[in-house]
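Chain and residue survey
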Amino acid sequence: MVEKILANLEKSSCAVDNTFLQAVSEVLHSLTPIVESDPRYEMNGIVERLVTPDRIIQFKVQWLDDQNRVNINNGYRIQFNNSLGPYKGGLRFHPSVTTGVLKFLAFEQIFKNSLTGLPIGGAKGGSDFDPKGKSDFEIMKFCRAFMRELHQYIGARTDVPAGDIGVGSKEIGFLFGEYKRISRNYDGVLSGKPYAFGGSLMRPQATGYGVVYFAQEMLKEELQETLDSQVCCVSGAGNVALHTIEKLQFFGAKVITCSDSEGTIYDPDGIKLELLKSIKGDEKRQSLKLYKAKVPTSVYTQKDDYPEGAHPVWSYPCFAAFPCATQNELTKADAQSLIRNGCIAVVEGANMPTTPDAIDLLQEEGILFAPGKASNAGGVAVSEFEMSQNASMEKWDYDKVDRKLDELMRQIYKRIALTAKEYGRERNFVDGANIAAFKRVAEAMILEGV
Ligand code: NDP
């Protein structure tokens, strides 16, 4: 049945849907035994319904740049599934954004949100707008124009967007300001807001810190290991990467790499986080060449000099690797290099950063592999904490949010490890995550009827 659904989907999809098909294929292959063991899933058309978005919203965004020229971008919101709660998922502003990319991200979000155990459904949105090189005033004008269209589809109990690549608290602030002006409502319609008007403490740190909490629990339970004094490689230099590095360093690890869309830094003495933040933090988006200029003993490799199909960020000996930049950034060649260099765990911070053949290889070689839908769920979890605080007009302190995040990440690890074991796939956290997430969503879909 699963093969038939996948074949139909491939037939009806176009080229831009490649990443979506990749995500669906991975999930459906994990689900084959469970779907075939319970006739209710077929009777209720659960899998077909689950791979079809509730709606795909597309709109035109018109805005004026600093020279008063008219610019036009595409805006999107994909509301995929709200069986567990209001649609929830980030907004991505990046030139590579298409409906295909957003369908993959929204589909993954359903499973991630289910794994948190919280009442949130799956969605994603964004635009092909590129914030890089734009003035703050241009970003503000774009965000306002984007929200003038988006506002009619979202609401605190309907759909609550957050940030993602290219959308940090600055952009969320501009978007929220415009929503409030249009709707005259001061409700928690976006998460990741600045703390000054309804944001939660620790939301900016949540995804990266959560990744490390997850890694710590997995290493302790599976290998009786800790991160202390271990060498780690991290990719990316944005929100998720910076906070992953921060927490790894807090636990005593030495992080030796980071990267962006133009190149990679290798610092054998350990990444200087304050310097990196001054270049990349707060959506500054400057070049990593500045890091090399300040730390002459580091090595900068420009993207054009990367070997075919491989990324230097994964070419150094390390204990654990944390891909935190973007999808399909850790290939089979990278996995081979990590294995050769003694890596024992790959923990995804980004969404689907590891290609399917790389995952297969890592798992065959006994490397612990944590899929992003489990290990990076800390961001959306604290977004839900923000929704709870907004609804009850409360402000939780830092320790409370941190404690709840740590506990939630441990629970996700336990849930997927136990599920994998229960279905005879011990240590296969991809199958454990897909099955555990599916069961919760499928049950809700059956109970609510069609
Ligand atoms: P940011 O925009 O803050 O940072 C993204 C980083 O990745 C930047 O360093 C960027 O480089 C780099 N990057 C982007 N595209 C590429 C590419 N094609 N090749 C190499 N590097 C690239 O985004 P986030 O840190 O928020 O998101 C990173 C990942 O984590 C994404 O997959 C996102 O979906 C996922 N995620 C984010 C969450 C969050 O809370 N923010 C929650 C869960 C998942 P440059 O500076 O040159 O643009």
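Keep in mind that this is a model prediction, so the values were computed, not measured.

What follows is about the overall build of the protein. A tally of helices and strands in the protein yields 17 helices and twelve strands. In terms of C-alpha radius of gyration, the protein reaches 21 Å, essentially the compact-globule figure of 22 Å for 450 residues. Principal axes of the C-alpha set define a box for the protein whose edges measure 60 × 55 × 45 Å. When burial is assessed residue by residue, the protein has 58% of its 450 residues classed as buried. Long-range pairs, those at least 24 residues apart, make up 72% of the contacts in the protein with a sequence separation of at least 6. For the protein, the accessible area works out to roughly 18000 Å², and carbon and sulfur atoms hold 50% of it. Counting 52 positive and 58 negative side-chain charges, the protein places the averaged centre of each group 5 Å from the other.

It is worth spelling out the pattern of salt bridges at this point. If you walk through the whole model with that rule in mind, you get 26 salt bridges. For Asp 164, the salt bridge goes to Lys 124, with nearest N and O atoms at 3.1 Å. One end of the pair, Asp 164, is in the loop between strand E5 (159–162) and helix H7 (169–183); the other, Lys 124, is in strand E4 (residues 122–127), and 40 residues separate them in sequence. The salt bridge involving Glu 246 is made with Lys 277; its shortest N-O contact spans 2.4 Å. Taken together, the residues span a long stretch of sequence, with Glu 246 in helix H9 (residues 239–250) and Lys 277 in helix H10 (residues 273–280) at a distance of 31 residues. Judged by relative accessible area, which is 23%, Lys 277 ranks as partly exposed. It is possible to trace a salt-bridge network through shared partners that takes in Glu 217, Lys 220, Glu 221, Asp 406, Arg 410 and Lys 414.

If you walk through the whole model with that rule in mind, you get 21 aromatic pairs. If you follow Lys 400 out to its NZ or CZ, it ends over the ring of Trp 396, 4.5 Å from the centre. Over the aromatic face of Phe 385 sits the side chain of Lys 404, whose NZ or CZ is 5.4 Å from the ring centroid.

By nearness alone, 24 residues border the ligand, and Asp 164, Thr 207, Asn 239, Ser 261 and Asn 351 come closest of all. Take Val 240: an N or O atom from its main chain is 2.9 Å from an oxygen atom of the ligand. Contacts to the ligand include Lys 280, whose side-chain N or O atom sits 3.0 Å from an oxygen atom. Sorting the residues of the shell around the ligand by element identifies helix H8 (203–223) and H9 as the ones contributing at least two each. Looking at the shell around the ligand residue by residue, the classes come out as six nonpolar, eleven polar and seven charged. The residue makeup of the shell around the ligand includes at least three contributed by each of domain 2 (54–187) and domain 3 (204–375).

Calculation notes
- Residues numbered from 1 in each chain as written.
- Predicted model: local features only at pLDDT ≥ 70, side-chain atom pairs only at ≥ 80, totals over all residues.
- Heavy atoms only, no water.
- Helix = DSSP H or I, 4+ residues; strand = E, 2+ residues; numbered from the N terminus.
- Rg over C-alpha atoms; globule rule 2.2 N^0.38 Å.
- Buried < 20%, exposed > 50% of the residue type's maximum accessible area, 1.4 Å probe, protein only.
- Contact = heavy atoms within 4.5 Å.
- Areas by Shrake-Rupley, 256 points an atom, 1.4 Å probe, with all protein chains shown as cover.
- Lys, Arg positive; Asp, Glu negative; His and termini not counted.
- Charge placed at Lys NZ, Arg CZ, Asp CG, Glu CD.
- Salt bridge = Lys/Arg side-chain N within 4 Å of Asp/Glu carboxyl O.
- Phe/Tyr/Trp six-rings, centres within 6.5 Å; stacked < 30°, edge-to-face > 60°.
- Lys NZ or Arg CZ within 6 Å of the ring centre and 35° of its normal.
- Near = heavy atom within 4 Å.
- Polar contact = N/O pair within 3.5 Å; in protein donor to acceptor, adjacent residues only side chain to side chain.
- Nonpolar A, V, L, I, M, F, W, Y, C, P; charged D, E, K, R; others polar.
- Domains from an automatic or database assignment.

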